[in-house]
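Okay, here's what each chain looks like letter by letter:
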Protein chains: 2
Amino acid sequence: MELLKQKIRDEGKVLSDTVLKVDSFLNHQIDPKLMQAIGEEYAARFRDSGITKILTLESSGIAPATMAGLTLGVPVIFARKRKSLTLINELYSAQVYSFTKKETNKISVSKDYISANDVVLIIDDFLANGQAVSGLLDIVEQANAMLAGVGIVIEKGFQEGGKQIRERGVRVESLAIISSLENGEVTFAKEAVPK
Amino acid sequence: MELLKQKIRDEGKVLSDTVLKVDSFLNHQIDPKLMQAIGEEYAARFRDSGITKILTLESSGIAPATMAGLTLGVPVIFARKRKSLTLINELYSAQVYSFTKKETNKISVSKDYISANDVVLIIDDFLANGQAVSGLLDIVEQANAMLAGVGIVIEKGFQEGGKQIRERGVRVESLAIISSLENGEVTFAKEAVPK
C-alpha cells in the first residue's frame with residue numbers, strides 16, 4: 001500500500017535494526033484519514049470472504065480495525081490485555097508474550113461476541129514474532145469460528161512471525177512489509193502482497 | 001443523541017446502581033457505524049472551535065475519538081496507561097485512579113504531539129468520577145495548549161465528575177447523560193446537552 005509506505009518513509013523512526021517507531025500516525029498519535037484508507041484496503045482484499053466479525057487487540061489495533069469494520073459493515077471486538085471488572089462473562093483467553101514490553105499478557109475475549117457461526121478477520125498493527133496474532137488465532141479456534149485471514153498494517157518481514165503463520169495455511173495480508181531496518185534505513189520487501 | 005440512548009436501552013446491562021455495562025458496542029465489541037455517528041456528532045458540536053488535536057485515553061476512547069478526528073480532519077492522540085519501550089521522548093504525565101479497576105495508572109503523552117499552538121478536544125467513553133478527564137485536562141495544561149472542551153459518550157450524571165469539571169469552566173458535551181441506574185433500569189437526564 002503505497003500511501004502507507006510513503007508515511008513510513010516520511011515519519012517512521014528507526015531506533016535499531018529491529019525497532020521501527022511509528023508513533024506519529026499509528027501507535028500513539030493516529031492519522032484518521034490514513035486509518036480510513038487502511039480500513040478500505042482491508043475491506044477490498046477481504047470483501048468476498050463473508051466476514052462477520054473483526055478481532056483485534058488493544059490498543060493500536062483498534063483504529064485500523066474500526067475503519068475496516070465500518071467499510072465491511074461488521075462489528076469489531078478488541079481483545080483485552082487486562083481484565084475489566086465489567087468483563088465478567090465466560091472468556092476465551094490466550095497468553096501473549098510481548099518482546100517490546102518484555103512481559104506476558106493474558107488476552108481475553110468474551111464468549112458473547114464470537115461464536116462458531118462467525119467468519120473472523122484478525123487485524124493488528126504490527127507483525128514481528130507473531131505472538132499477538134498467534135494468541136488471536138488461538139481465540140478464534142477456541143470459538144470454533146471460521147478464519148478469513150489476518151490483516152497487518154506493518155510486517156517486519158525479517159522476523160519469523162509472518163513465515164510461521166503463513167506456514168499454518170493462514171492468509172496474511174500485510175499492507176507494508178519491511179525487509180530490513182539496517183543502517184537506520186527502512187527497506188521494503190519487493191512484493192508487498194503475498195497471497 | 002437519540003441513536004446512542006436507544007442503543008443503551010437495547011443493549012446496556014445494569015450491573016448495579018453505579019455500573020452500566022456497554023460491552024456490546026463500546027467497551028469490548030465496537031459498533032463502527034455508531035462510532036461514526038458519534039464522531040460526526042462531536043464534530044458538529046465543536047466545528048467552530050478551531051480544534052487542531054483530539055486527545056483520548058486507551059482503549060475505549062480510541063474508536064469514537066478516531067471517528068471524530070476523521071470528520072474534523074485532525075490527528076488523534078491516545079494517552080498511554082503503560083509506558084511503551086518505543087515511547088522514549090519527553091512526556092507529559094498525570095495520575096489517574098480508576099474506580100472500576102481499583103488501581104492508579106500513570107498516563108502519558110509524548111511532548112512531540114501537543115504544543116502551545118494546539119486547540120485540544122478531549123474525548124472519552126465514560127464520565128463518572130472524572131478521574132480520567134481530570135488527568136487529560138492536566139496534560140493539556142502542561143502543554144500550555146488551548147482547551148476546546150470535553151466530549152463524553154456516556155456520562156453518569158449521578159456521580160460528581162461532570163459537575164466538578166463544568167464548575168472549572170470546561171465545556172462538557174455528553175451524548176447521553178444517565179440520571180439513575182436504580183432498580184436495574186437506565187434513566188436518562190431530561191436535558192442531554194448542558195452548555
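Residues numbered from 1 in each chain as written. Chains lettered and ligands numbered in written order. Predicted model: local features only at pLDDT ≥ 70, side-chain atom pairs only at ≥ 80, totals over all residues. Heavy atoms only, no water.

As recorded by an unreviewed UniProt entry, chain A carries the name Xanthine phosphoribosyltransferase and is attributed to Oceanobacillus polygoni. Under the Function (unreviewed entry) heading, UniProt states for chain A: "Converts the preformed base xanthine, a product of nucleic acid breakdown, to xanthosine 5'-monophosphate (XMP), so it can be reused for RNA or DNA synthesis." (UniProt positions renumbered as here; feature names shortened; annotations may be inferred.)

A.B. asks: Got a minute to help me understand the pattern of salt bridges in this structure?
C.D. replies: Opposite charge on two side chains makes pairing possible when the charged atoms of those side chains draw close. Inspection of the entire model under this criterion finds 20 salt bridges over all chains. With its nearest N and O atoms 2.7 Å apart, the salt bridge here joins Arg45 of chain B to Glu173 of chain B. Residue Arg45 of chain B is found in helix α2 (residues 32–45), and its partner Glu173 of chain B is found in strand β10 (residues 172–180); the two are separated by 128 residues along the sequence. With its nearest N and O atoms 4.0 Å apart, the salt bridge here joins Arg168 of chain B to Glu141 of chain B. In this pair, Arg168 of chain B sits in the loop between α5 (161–167) and β10 while Glu141 of chain B sits in helix α4 (residues 131–142), placing the two residues 27 residues apart along the sequence. Judged by relative accessible area, Arg168 of chain B falls into the partly exposed class, the value being 47%. When salt bridges with common partners are traced through the structure, they connect Glu41, Arg45, Arg171 and Glu173 of chain A into a single cluster. (Salt bridge = Lys/Arg side-chain N within 4 Å of Asp/Glu carboxyl O. Helix = DSSP H or I, 4+ residues; strand = E, 2+ residues; numbered from the N terminus. Buried < 20%, exposed > 50% of the residue type's maximum accessible area, 1.4 Å probe, protein only.)

A.B. asks: Which parts of the structure should I look at to understand the sheet that holds β10 of chain B?
C.D. replies: What links the strands of a sheet is backbone hydrogen bonding, and the strands pair in either a parallel or an antiparallel sense. Spatially, 7 strands are ordered β3(A)-β5(B)-β4(B)-β8(B)-β9(B)-β10(B)-β11(B) in an open sheet, and the strand pairing comes out mixed. A strand with exactly one partner marks an edge of an open sheet, and here the two such strands are β3 (29–30) of chain A together with β11 (187–188) of chain B. In this sheet, strand β5 (residues 76–79) of chain B lies alongside β3 of chain A in antiparallel orientation, the contact comprising 2 bridges. Along β5 of chain B, the bridge assignment pairs Gln29 of chain A with Ile77 of chain B. Of the strands in this sheet, β3 of chain A together with β4 (53–57), β5, β8 (119–127) and β9 (146–156) of chain B touch helix α3 (residues 62–72) of chain B, which is tilted by about 175° from β4 of chain B. (Pairing = 2+ DSSP bridges. Contact = heavy atoms within 4.5 Å. Axes fitted to C-alpha atoms, helices over the stretch in contact; angles between N-to-C directions.)

A.B. asks: How should the nonpolar core be read in this particular structure?
C.D. replies: What tends to happen in soluble globular proteins is that the nonpolar side chains get buried as a cluster. Formed by 80 residues in total, the largest nonpolar core has its most connected members in Leu4 and Ile54 of chain A together with Leu4 and Ile54 of chain B. Leave out the neighbours within four places in its chain, and Ile54 of chain A touches Ala65, Ala68, Gly69, Leu72, Val74, Pro75, Val76, Ile77, Leu121 and Ile123 of chain A. (Core = buried A, V, L, I, M, F, W, Y, C linked by side-chain atoms within 4.5 Å.)

A.B. asks: Quick question: what am I supposed to make of the packing of helix α2 (residues 32–45) of chain A against helix α3 (residues 62–72) of chain A here?
C.D. replies: Helix-helix packing is described using two parameters, namely the angle between the two axes and the distance between the axes. All names here are of chain A. Orientation of α2 relative to α3, taken along the N-to-C sense of each, is 55°, at an axis distance of 7 Å. The angle between the axes of α2 and α3 places the two elements in the oblique class. Handedness of the α2/α3 crossing: right-handed. Facing Pro32, Met35, Gln36, Ile38, Gly39, Glu40, Tyr42 and Ala43 of α2, the residues of α3 in contact are Ala63, Pro64, Met67, Ala68, Thr71 and Leu72. Its residues placed into classes, the contact of α2 with α3 shows 10 nonpolar, 3 polar and 1 charged. (Parallel < 35°, antiparallel > 145°, perpendicular 65-115°, else oblique. Left-handed = near helix turned anticlockwise from the far one by under 90°. Nonpolar A, V, L, I, M, F, W, Y, C, P; charged D, E, K, R; others polar.)

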